[in-house]
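Structural overview
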Amino acid sequence: MIERHIIIDSVDPVTFYGVNNANLHLIRNLFPKLRMAARGTVITVIGDEAETATFEQKIKELELYCNKYNVLPEDVIIDTIKGAPPKELKMDDVIIYGVNGKPIIGRTPNQQLFVKTYGHNDLTFALGPAGTGKTYLAVALAVRALKNREARKIILSRPAVEAGEKLGFLPGDMREKIDPYLQPLYDALEDMIPSAKLKEYMENNVIQIAPLAFMRGRTLNDAIIVLDEAQNTTTHQIKMFLTRLGMGSKMIVTGDVTQIDLPRTTSSGLIQALRILDGVKGIGKVEFGKKDIVRHQLVQRIVEAYERFDEAMKSQEHE
């Protein structure tokens, strides 16, 4: 009789063990000769050397499946332990599988182009109106790189520019004042990484979410770095951010040049950067349009209505 300790540290234990440990009970029933107990990310098993070795191999196979698909169904557990290869969930253009196995894909031709452009460049600009999936896909690409061990950390940033509210008037300390600006990044992550694993990543600084001002002076190596809402950066801020790119890192910059919240006297750093960096090798750009809006269908009609209004106002100014 020997005792083995198997660590399942690449997946969320709650997802792996199942609701009320249902998956663990099933695994225990499929290995009736073994005694086992699970605590956190460690499974302890006692029994015959050959059978405990088989048990460890099967657990590692299940961990790989759970890490890839973010779900561990009962039929996959049974097939894997009985020696049948688990059914692969085939789907074209899947970036990653989110929480509960939800496939995250590029739904439109431009979204698919964004994924390809990111693959061929170390810096990718994603431009377009609200609802086109720029931020969501950028975070999905970053999470995929982390899961595939192509990067050691994810850095997500946004400029804390007030759209109608001043930071000083918001309640709370500085973190509480800034967090509302970063909430869309948290929302995307929560769709893609189980909550316990996400909390662990954030506590260990594997995933860092910070306002743009916190980037100064850093060199970011082996990371996927995302700057969201870049149209609200100043010319100095975006230059500072772009020059943080370190060895083994990739960067995604998203923005909508029609929604600039900077004071009228301040130029958008994103617009200037696009002009200066046009044609530079290793930099890609994808422009999304109204047809790429993947939110509620009403959002597309709202965007179109505002565009018509803006055009009417411009024509009145020229009269």
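Anything mentioned here points back to the structure above.
Structural notes, computed from the coordinates. Bear in mind the structure is a predicted one, so any value in this text is a computation, not a measurement. (Residues numbered from 1 in each chain as written. Predicted model: local features only at pLDDT ≥ 70, side-chain atom pairs only at ≥ 80, totals over all residues. Heavy atoms only, no water.)

A look at the packing of aromatic side chains
Inspection of every chain in the model, using the stated rule, returns five aromatic pairs. When the ring of Phe31 is compared with that of Phe55, the centres are 5.1 Å apart and the planes differ by 80°; the resulting orientation is edge-to-face. With Phe31 in the loop between helix H2 (22-30) and strand E2 (35-39) and Phe55 in helix H3 (residues 49-69), the pair connects residues that are 24 residues apart, well separated along the chain. As far as burial versus exposure is concerned, Phe31 and Phe55 are alike and both buried. Note on Tyr65 and Tyr69: the rings are 4.5 Å apart at their centroids and 50° apart in plane angle, and the pair reads as tilted. In this pair, Tyr65 and Tyr69 both sit in helix H3, four residues apart, roughly one turn of the helix. Put simply, the rings of Tyr65, Tyr69 and Tyr97 pair up and form one aromatic cluster. If you follow Lys250 out to its NZ or CZ, it ends over the ring of Tyr118, 4.2 Å from the centre. (Phe/Tyr/Trp six-rings, centres within 6.5 Å; stacked < 30°, edge-to-face > 60°. Helix = DSSP H or I, 4+ residues; strand = E, 2+ residues; numbered from the N terminus. Buried < 20%, exposed > 50% of the residue type's maximum accessible area, 1.4 Å probe, protein only. Lys NZ or Arg CZ within 6 Å of the ring centre and 35° of its normal.)

Points about the environment of Gln111
Relative to the assigned elements, Gln111 resides in helix H5 (residues 109-120). Distance from Gln111 to Gly133, taken between C-alpha atoms, is 7.6 Å for residues 22 residues apart in sequence. Ignoring any residue separated from it by four or fewer positions in sequence, one finds Gln111 in contact with Ile105, Gly106, Thr132, Gly133, Leu137, Phe288, Asp292 and Val294. Within polar-contact distance, the side chain of Gln111 engages the backbone nitrogen of Arg107 at 2.8 Å. (Contact = heavy atoms within 4.5 Å. Polar contact = N/O pair within 3.5 Å; in protein donor to acceptor, adjacent residues only side chain to side chain.)

Focus on the pairing of strand E4 (residues 94-97)
Where E4 lies against strand E5 (residues 103-105), three bridges are found, and the strand directions are antiparallel. Of the residues in E5, the one forming a bridge with Val94 is Ile105. (Pairing = 2+ DSSP bridges.)

A few points about the packing of helix H9 (residues 235-242) against helix H10 (residues 269-276)
Between H9 and H10, the shortest axis-to-axis distance is 7 Å and the interhelical angle comes to 60°. The angle between H9 and H10 places the two elements in the oblique class. Pair H9 / H10 crosses with right-handed handedness. Of the residues in H10, those touching H9 at Thr235, Ile238 and Leu242 are Gly269, Leu270, Gln272 and Ala273. Looking at the contact of H9 with H10, its residues break down into four nonpolar, three polar and no charged. (Axes fitted to C-alpha atoms, helices over the stretch in contact; angles between N-to-C directions. Parallel < 35°, antiparallel > 145°, perpendicular 65-115°, else oblique. Left-handed = near helix turned anticlockwise from the far one by under 90°. Nonpolar A, V, L, I, M, F, W, Y, C, P; charged D, E, K, R; others polar.)

Some remarks on the packing of H2 against helix H4 (residues 74-81)
Their axes nearest at 10 Å, the elements H2 and H4 cross at an angle of 25°. It follows from the interaxial angle that H2 and H4 lie roughly parallel. Between H2 and H4 lies a crossing whose hand is right-handed. Contact residues: H2 offers Asn23, Leu26, Ile27 and Leu30, while H4 offers Glu74, Ile77, Ile78 and Ile81.

Brief notes about the sheet that holds strand E1 (residues 2-7)
Taking strand neighbours across the sheet as the criterion, the three strands line up as E1-E3-E2 in an open arrangement whose pairing is antiparallel. Across the chains shown, the open sheet's two edge strands, defined by having one partner strand only, are E1 and E2. Neighbour-to-neighbour, the strand axes of this sheet turn through a mean angle of 15°, independent of strand direction. Judged from the six bridges that link them, E1 and strand E3 (residues 42-47) form a sheet pairing that is antiparallel. When the sheet's bridge partners are listed, Ile6 is paired in E3 with Ile43.

Quick notes on the pattern of salt bridges
Throughout the structure, instances matching the rule amount to nine salt bridges. Among the salt bridges present, the one from Arg4 reaches Glu56, with a minimum N-O distance of 3.3 Å. Of the two residues, Arg4 is situated in strand E1 and Glu56 in helix H3; the sequence distance between them amounts to 52 residues. A salt bridge links Asp191 to Lys102; the shortest N-O distance between them is 3.4 Å. (Salt bridge = Lys/Arg side-chain N within 4 Å of Asp/Glu carboxyl O.)

Re the environment of Ile209
As for its position among the elements, Ile209 is in strand E8 (residues 207-211). The spatial distance from the C-alpha of Ile209 to the C-alpha of Val226 is 9.6 Å, given a sequence separation of 17 residues. If we skip the residues at most four places from it in the chain, Ile209 touches Leu156, Leu182, Leu185, Tyr186, Leu189 and Met202.

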